[in-house]
Amino acid sequence: MSVINPFEVEGDVDYKKLIKEFGLQEIDDSIVSRLNKICSDKGIPLHPMIRRKIFFAHRDLNKILDEFEKGNEFFLYTGVGPSGPIHLGHLLVWSFTKWLQDLFDVELYFQFTDDEKFLFKDKSYEDIQNWLEENMKDVASIGFDPKKTFFIINTRHAGLLYPEAIKVAKKITFSTIKSAFGFTDSNNIGSIFYTSMQTVPAFLPSILKNKKMFCLIPHAVDQDPHFRLTRDILPKLGFEKPASIQCSFLPPLSGATGKMSSSKDVSAITISDTPNQVKKKINKYAFSGGKDTLEEHRKFGGDPSIDVSFQYLRYLFEEDDQKLKELEESYKSGELLSGELKKYTIEKINSFLSEYQERRNLINVDDFILNV
Ligand code: TRP
């Protein structure tokens with residue numbers, strides 16, 4: 001049994017089943033070949049997360065590609081709730097989003113839902129504001145184009161968002177919210193309203209520019225219930241339904257079920273971890289698909305499909321398909337040991353983080369905040 005909604009991800013996720021349950025479209029060969037064509041026209045390689053089906057589902061991505069081919073503009077929209085340190089699971093969505101921004105040369109609207117985290121987490125308003133400051137820096141350091149990236153902060157841009165959010169809210173009943181998110185009568189009333197705020201950036205650019213704009217939302221599949229509502233409501237307000245492209249969850253250090261999360265102790269590698277911390281976390285906590293003894297490992301080989309280090313390479317840190325295949329094969333055959341695989345993974349993560357942390361020192365968040 002697994003639970004998947006914006007507020008809870010638990011258990012072993014069956015993504016094929018999820019596609020059916022949520023009514024998603026699969027990233028199939030026809031989508032891959034359309035993306036491939038655009039990539040080769042631009043001289044940009046197809047993203048490994050598409051090649052490996054880590055982004056595995058979508059809604060109406062074909063429509064976005066049609067519009068793009070007709071020369072019509074679209075924009076990207078994604079976001080984060082600032083309530084803790086940024087971890088590798090966040091990077092998954094955002095590094096892919098940056099790739100989309102570069103490939104299509106489009107604007108990105110990035111929402112910081114400080115209201116959401118205040119309403120849903122047991123944290124003070126001040127704590128959330130501190131995380132907001134940190135997380136804005138974290139996001140800006142991904143490498144998004146500051147001229148084409150606009151941060152929307154729900155509490156600070158409230159004057160802009162609220163008039164639109166109430167138009168959304170008026171179209172949603174309490175019973176719809178209860179069934180979409182599993183809320184009950186004991187939920188606080190702010191949480192009931194919240195999804196209206198998450199809908200607004202999907203059409204805000206159309207209002208700001210006073211023209212019909214198409215929207216593509218890259219996100220982890222747990223956010224889909226929000227955007228199912230968004231897709232129901234936007235046509236009623238005279239806007240296009242947003243399209244989406246959705247990814248699976250990066251496994252937590254402890255193994256292949258659930259998702260990486262910073263609210264659970266040692267499930268996450270965060271972007272501010274030092275090389276030593278990364279080394280310790282991987283060596284001590286990363287679930288290994290290797291065998292208990294050297295002798296058994298050499299004889300029977302390891303299982304990369306449940307090995308967290310291997311999965312981090314597959315999800316994020318080994319771009320080279322050939323190299324990944326070699327690692328997989330030699331791990332399976334017992335030639336590559338768990339300790340060796342961990343060592344390689346640690347080096348990869350640390351070299352990524354050191355570049356990232358250097359960029360972060362030079363960031364000026366004000367360059368990114370939406371100014372209207
Ligand atoms: N609700 C998301 C979270 O909990 C934040 C968010 C807001 C978001 N808008 C989004 C995520 C758009 C993906 C796409 O972190």
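Residues numbered from 1 in each chain as written. Predicted model: local features only at pLDDT ≥ 70, side-chain atom pairs only at ≥ 80, totals over all residues. Heavy atoms only, no water.

**Considerations on the overall build of the protein chain**
- What the protein chain contains, in helices and strands, is 18 helices and nine strands.
- In terms of overall dimensions, the protein chain is globule-like: its C-alpha atoms have a radius of gyration of 21 Å, near the 21 Å expected for 372 residues.
- If you line up the protein chain on its principal axes, its C-alpha atoms span 65 × 50 × 45 Å.
- A fraction of 78% describes how many contacts in the protein chain between residues 6 or more apart in sequence connect residues 24 or more apart.
- Total accessible area on the protein chain is roughly 17,100 Å²; 50% of this is exposed by carbon and sulfur atoms.
- The average position of the 49 basic charges and that of the 54 acidic charges among the side chains of the protein chain differ by 3 Å. (Helix = DSSP H or I, 4+ residues; strand = E, 2+ residues; numbered from the N terminus. Rg over C-alpha atoms; globule rule 2.2 N^0.38 Å. Contact = heavy atoms within 4.5 Å. Areas by Shrake-Rupley, 256 points an atom, 1.4 Å probe, with all protein chains shown as cover. Lys, Arg positive; Asp, Glu negative; His and termini not counted. Charge placed at Lys NZ, Arg CZ, Asp CG, Glu CD.)

**Considerations on the packing of aromatic side chains**
- Under the criterion given, the structure shown has 27 aromatic pairs.
- Their ring planes at 85° and their centres at 5.7 Å tell us that Phe-118 and Tyr-125 sit as a pair that is edge-to-face.
- Looking at Tyr-125, the relative accessible area reads 35%, which means it is partly exposed.
- An angle of 45° between the planes, with centres 6.2 Å apart, marks the rings of Tyr-162 and Phe-193 as tilted. With Tyr-162 in helix H8 (residues 158–169) and Phe-193 in helix H10 (residues 189–193), this pair connects stretches of sequence that are 31 residues apart.
- Every member of this aromatic cluster is reached through a ring pair, and the members are Trp-94, Phe-110, Phe-112, Phe-144, Phe-151 and Phe-368.
- The cationic tip of Lys-178 hangs over the ring face of Phe-174; the distance from NZ or CZ to the ring centre is 4.4 Å.
- Over the ring of Phe-22 we find Arg-228, and its NZ or CZ is 4.3 Å from the ring centre. (Phe/Tyr/Trp six-rings, centres within 6.5 Å; stacked < 30°, edge-to-face > 60°. Buried < 20%, exposed > 50% of the residue type's maximum accessible area, 1.4 Å probe, protein only. Lys NZ or Arg CZ within 6 Å of the ring centre and 35° of its normal.)

**Some words on the side chain of Gln-223**
- Along the chain, Gln-223 falls in the loop between strand E8 (214–220) and helix H13 (224–233).
- Taking the relative accessible area as the measure of exposure, Gln-223 reaches 17% and is therefore buried.
- Residues within four places of Gln-223 in sequence aside, it is in contact with Pro-6 and Gln-198.

**Looking at unusual backbone geometry**
- A positive phi is found at Lys-53, a non-glycine position, where the angle reads about 60°.
- Mapped onto the secondary structure, Lys-53 falls in the loop between helix H3 (48–51) and strand E4 (55–59).
- Residue classification places Lys-53 among the partly exposed positions, given a relative accessible area of 36%.
- Even without glycine at this site, Asn-210 takes up a positive phi of about 55°.
- Mapped onto the fold, Asn-210 is located in the loop between helix H12 (204–209) and E8.

**Quick notes on the environment of Phe-214**
- Considering the arrangement of structural elements, one finds Phe-214 in strand E8.
- Among the residues examined, Phe-214 registers a relative accessible area of 10% and is labelled buried.
- The spacing of Phe-214 and Asn-36 is 178 residues in sequence and 21 Å in space, taken between C-alpha atoms.
- Excluding its chain neighbours within four sequence positions, the residues that come into contact with Phe-214 are Ile-64, Glu-67, Glu-73, Phe-74, Phe-75 and Glu-240.

**Considering the pairing of strand E5 (residues 74–80)**
- Counted residue by residue, E5 has six buried out of seven residues, so it is predominantly covered.
- In this structure, E5 lies alongside E8, joined through three bridges in parallel fashion. Bridging across to E8, Phe-74 finds its partner in Phe-214.
- With five bridges joining them, E5 and strand E6 (residues 108–112) adopt parallel strand pairing. Bridge pairing links Leu-76 to Leu-108 in E6.
- Considered for its hand, the β-α-β crossover made up of E5, helix H5 (residues 88–104) and E6 is right-handed. (Pairing = 2+ DSSP bridges. Right-handed = clockwise from strand over helix to strand, strands pointing away.)

**Here's the deal with the site of the ligand**
- Inspection of the region around the ligand gives 15 residues, with Tyr-77, Gly-81, Glu-116, Gln-198 and Gln-223 positioned closest.
- A distance of 2.9 Å separates a nitrogen atom of the ligand from a polar atom in the side chain of Glu-116.
- Taking Gln-198, its side chain carries an N or O atom lying 2.9 Å from a nitrogen atom of the ligand.
- Only E5, helix H6 (114–120) and E8 provide two or more residues apiece to the shell around the ligand.
- For the shell around the ligand, the element with the most residues is E5, which contributes four residues.
- Looking at the shell around the ligand residue by residue, the classes come out as five nonpolar, eight polar and two charged. (Near = heavy atom within 4 Å. Polar contact = N/O pair within 3.5 Å; in protein donor to acceptor, adjacent residues only side chain to side chain. Nonpolar A, V, L, I, M, F, W, Y, C, P; charged D, E, K, R; others polar.)

**Thoughts on the environment of Asp-105**
- For Asp-105, the location among the structural elements is in the loop between H5 and E6.
- Residue class for Asp-105 comes out partly exposed when judged on its relative accessible area of 48%.
- When the C-alpha positions of Asp-105 and Pro-85 are compared, they lie 29 Å apart, and in sequence the two are 20 residues distant.
- Looking at Asp-105, its side chain comes within polar contact range of the side chain of Lys-148, at 2.9 Å.

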